[in-house]
Amino acid sequence: MTVNDVLTVHGGTPLHGRIRVRGAKNLVSKAMVAALLGDAPSRLYDVPRIRDVEVVRGLLEIHGVRVSDGDDEGELILDPANVESATTDEINVHAGSSRIPILFCGPLLHRLGHAFIPDLGGCHIGPRPIDFHIQALRQFGAVVDKAPEGMHLTAPNGLHGTKLELPYPSVGATEQVLLTAVMAEGVTELRNAAVEPEIIDLICVLQKMGAIIKVHTDRVIEIQGVPRLGGYTHRPIPDRIEAASWAAAALATGGDIEVLGAEQVDMMTFLNVFRSVGGAYEVTDMRPPRNGSPGQEGKIRFWHPGGELKAVALETDVHPGFMTDWQQPLVVALTQARGLSIVHETVYEQRLGYTEALNSMGATIQVYRDCLGGTPCRFGRRDFKHSAVIAGPSKLHAADLVIPDLRAGFSHLIAALAAEGTSRVYGVDLINRGYEDFEAKLAALGAHAERS
Ligand code: EPU
């Protein structure tokens, strides 16, 4: 954290206005990795200027991929014509900065026959093991050597299709399998796969490149390996996590925010909860230009309609459940709801630590080891505080806050904006990992916040 990495937030002003979300962070970064597999350039639109994108760009560039900006704002061209090995020192510059490097395994093995993956980073929201990834790569025929400085991989006999079943529908492990299986020899069958919209969009990217991927019912994905892939041109799905974060900010501050680019289809579960809490929203569908009349961008307007917010019980889950990344911003709004809300976090075992900071601002949130309010989850018999009871409404007051991770960081920011008084939020640069231009967007929404 640098001395400038502090935002002074004068809270108590409802956020009003309009901001735009671009391509989903959790698709864009993976689509960039997919470009490595092609033998022709790829073109990706609507890429947000966020740090995770910079990390992937840096990793691609040291592996010989030419990454350049296209004519459109947010357009990236990725040319993998000269893919080459990078040194461990070059790769290690990116150690600890993101979890995406783990997804370079399959593509680098296909292109170079070997790969080195640095120590991973990402948010500290639980142990975040990579055992599913390693098990899958070994089944494809990779030899994986874990060393203190990172992970070395080779594929002495090539990569071959296989039958796999994930112990849990992990997003990253599903992507690992997809990015490896598309060019492995033979057929891969993946059971208990994650089917998040970002994964389906990655499948669309790979299909554009020439892959053959069938998504069956019951989380089964079948991939027929092909010997070569080309480039793609793709416009990613919008960032539904960012859209929900601004929606929660509108509700918590009593404001009204129009989120341009947001789409209903992948936010249905969030919208149901938003309405149950007492929030209002209005969806405007995208309209293509027709007969000389200009088109219209899709958007969702989220606002607090006045009156009291209502407590809810919710459980985070894999798609189509309530996303774990929607949880932290929404909990700030739940501190303003009358009654007892229950949040059962079933995806990550340690994603409620940030509630302590909310309590220091006047919220009343208790966390429990038990599975509250819903079906028992895999953390229930273990020692993780993964259920929260939020008693509201609570008047929030200003505090000094230190940002622990990306989504919790945004929730701290919302809490500071909703609170009376002046808060100092330390470590705000972390928010740039996943929220493009968030300070400019805050200013556009009338927030009073400045770097100190
Ligand atoms: N897991 C294992 N072993 C593995 C892989 C995962 O036990 O080898 C466990 C994890 O510990 C976790 C669960 O499986 O308890 C789900 O993890 P998953 O692999 O699905 O998460 P991920 O791929 O590491 C992505 C997003 C996260 C998002 C989750 C769930 C990216 C870069 N990250 O993480 O996004 O929360 O899926 O949807 O796509 C964020 O954007 O802030 C963020 C954390």
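These numbers were taken from a predicted model, which means no experiment stands behind them.

What counts as what
- Residues numbered from 1 in each chain as written.
- Predicted model: local features only at pLDDT ≥ 70, side-chain atom pairs only at ≥ 80, totals over all residues.
- Heavy atoms only, no water.
- Pairing = 2+ DSSP bridges.
- Helix = DSSP H or I, 4+ residues; strand = E, 2+ residues; numbered from the N terminus.
- Contact = heavy atoms within 4.5 Å.
- Axes fitted to C-alpha atoms, helices over the stretch in contact; angles between N-to-C directions.
- UniProt positions renumbered as here; feature names shortened; annotations may be inferred.
- Buried < 20%, exposed > 50% of the residue type's maximum accessible area, 1.4 Å probe, protein only.
- Disulfide = S-S within 2.5 Å.
- Salt bridge = Lys/Arg side-chain N within 4 Å of Asp/Glu carboxyl O.

Draft legend 1. Local environment of the sheet that holds strand β5 (residues 76-79). Strand order in the open sheet formed by four strands is β4-β5-β3-β13, with mixed pairing between adjacent strands. Unpaired on one side and paired on the other, β4 (66-69) and β13 (233-234) mark the two borders of the sheet. Across four bridges, β4 lies against β5 in antiparallel orientation. Bridged to V67 within β5 is L78. Of the strands in this sheet, β4 and β5 touch helix α2 (residues 51-62), which is tilted by about 135° from β4.

Draft legend 2. Examining the UniProt feature "binding site: UDP-N-acetyl-alpha-D-glucosamine" (unreviewed entry) in the protein chain more closely. UniProt marks R99, D325 and V347 with the feature "binding site: UDP-N-acetyl-alpha-D-glucosamine" (unreviewed entry), using the numbering shown here. Structurally, R99 is set in the loop between α3 (88-92) and α4 (105-112). Mapped onto the elements, V347 comes out in the loop between β19 (337-344) and α11 (355-360). Not counting the four nearest positions on each side in its chain, V347 is found in contact with Y168, T316, D317, V318, T324, R378 and F379.

Draft legend 3. Spatial organisation of the environment of I300. With respect to the helices, strands and loops of the structure, I300 is situated in strand β16 (residues 299-303). According to the relative accessible area criterion, I300 is buried, its value standing at 0%. Residues in contact with I300, not counting those within four places in the same chain, are I257, E258, V259, A262, E263, Q264, M267, Y281, E282 and V283.

Draft legend 4. Quick peek at the state of the cysteines. In the structure shown here, the tally under the stated rule is zero disulfides. The cysteine C377 is free of any disulfide, with C371 supplying the nearest cysteine sulfur at 3.8 Å. With relative accessibility at 12%, the residue C377 sits in the buried group.

Draft legend 5. View of the sheet that holds strand β15 (residues 280-284). Here four strands make up an open sheet; going across it, the order is β2-β14-β16-β15 and the pairing mixed. In the strand order of this sheet, the two ends are held by β2 (16-20) and β15, each with one partner. Sheet twist, expressed as the average angle between the axes of neighbouring strands with direction ignored, equals 15°. Relative to β16, strand β14 (residues 256-260) is paired through five bridges, and the arrangement is antiparallel. Within β16, the position partnered with D256 by the bridge is W303. The strands touched by helix α8 (residues 240-253) within the sheet are β2, β14 and β16, with β14 carrying the most contacts at an inclination of about 170°.

Draft legend 6. The arrangement of the pattern of salt bridges in detail. With the rule as written, the count across this model stands at 27 salt bridges. Across the pair E175 and K30 runs a salt bridge, and its minimum N-O distance is 2.8 Å. With a gap of 145 residues between them, E175 in helix α6 (residues 171-181) and K30 in helix α1 (residues 25-34) connect regions that are remote in the sequence. Residue classification places E175 among the buried residues on the basis of a relative accessible area of 1%. One salt bridge in this structure joins R433 and D52, with 2.9 Å as the shortest N-O distance. Taken as a pair, R433 in the loop between β23 (422-426) and α13 (438-444) and D52 in helix α2 lie far apart in primary sequence, 381 residues in all.

Draft legend 7. Fine view of the pairing of strand β7 (residues 143-147). Two elements, β7 and strand β8 (residues 150-154), share five bridges in a ladder whose sense is antiparallel. The partner of D145 across the bridge, within β8, is H152. The turn linking β7 back onto β8 is made up of two residues.

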